[in-house]
Amino acid sequence: MFLNRGDDALYPHTIYSLVSRDFYFDASAAPETSDGALLSASNAGEFILTMQKNGVVREKAPLPLALSQKTDPADIAADADTVAIIRVSSENNFNPYVSAYSTSVVQYCKGGENTVSADMLLPPGLKADTDYYVFLKKDPNAPQSYLLCSRSTPVLEVTVENAALARTLTK
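This is a predicted model, so every value here is computed, not measured.

(A) Broad picture of the pattern of salt bridges. Applying the stated criterion to the full structure yields 3 salt bridges. Linking Lys70 and Asp79 is a salt bridge whose minimum nitrogen-to-oxygen distance equals 3.2 Å. Residue classification places Asp79 among the partly exposed residues on the basis of a relative accessible area of 24%. A salt bridge links Arg87 to Asp131; the shortest N-O distance between them is 2.7 Å. Note that Arg87 is positioned in strand β5 (residues 82–93) and Asp131 in strand β8 (residues 131–139), a separation of 44 residues in sequence. With relative accessibility at 35%, the residue Arg87 sits in the partly exposed group.

(B) Inspection of the nonpolar core at higher detail. Within the largest apolar cluster, 19 residues are counted, with the highest numbers of intra-cluster contacts made by Ile86, Leu122 and Val134. Elements represented by at least two residues in this core include exactly β5, β6 (99–110), β7 (119–122) and β8. Not counting residues up to four positions away in its chain, the partners in contact with Val134 are Thr82, Val83, Ala84, Ile86, Met120, Leu122, Leu148, Pro154 and Val155. Among the nonpolar cores identified, the runner-up in size contains 11 residues, and Ile76, Val83, Tyr133 and Leu165 belong to it.

(C) Examining the pairing of β7 more closely. Alternating residues of β7 divide into Met120 and Leu122, all buried, and Asp119 and Leu121, none buried. Across 4 bridges, β6 lies against β7 in antiparallel orientation. Within β7, the residue paired with Ala100 across the bridge is Leu121.

Scoring rules and cut-offs
Residues numbered from 1 in each chain as written. Predicted model: local features only at pLDDT ≥ 70, side-chain atom pairs only at ≥ 80, totals over all residues. Heavy atoms only, no water. Salt bridge = Lys/Arg side-chain N within 4 Å of Asp/Glu carboxyl O. Buried < 20%, exposed > 50% of the residue type's maximum accessible area, 1.4 Å probe, protein only. Helix = DSSP H or I, 4+ residues; strand = E, 2+ residues; numbered from the N terminus. Core = buried A, V, L, I, M, F, W, Y, C linked by side-chain atoms within 4.5 Å. Contact = heavy atoms within 4.5 Å. Pairing = 2+ DSSP bridges.

Limitation: the analysis is restricted to geometry and does not speak to function.
Structural data, given as structure tokens:
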């Protein structure tokens, strides 16, 4: 079994999946065996390490998204490629960490135009018809896509208290 590791700003921890498309078995590089030995749970780890050393199991690891470790919104905005103010509507909750929203861009504060999707995965419980800052980074595995870049503050409601953030950002 191969585990694939993924970090996402919406989840409070690293996510591991049971099946990884990032590893493949190169049958042409497999050694010839004549003893017909079966792979058992007790020798699976050793088998995989041997196969990796021999070039039979090869890795195509996706480039990791570097989530901002900062907690101050101004610092997160500085790390982001795009900061925009969006208005959310029509929440469709997936699980305790993620909901799908229809969004519209109110204003781009930093970064390029057309980098915010009309449908976004955001934390659940956002108020409809309310404006939020979103902090996005280019997806290193899909250059035309942008992902949330901060686990501590994936979105921030636009309020009088944090309105100064918009003034610190430049396009």
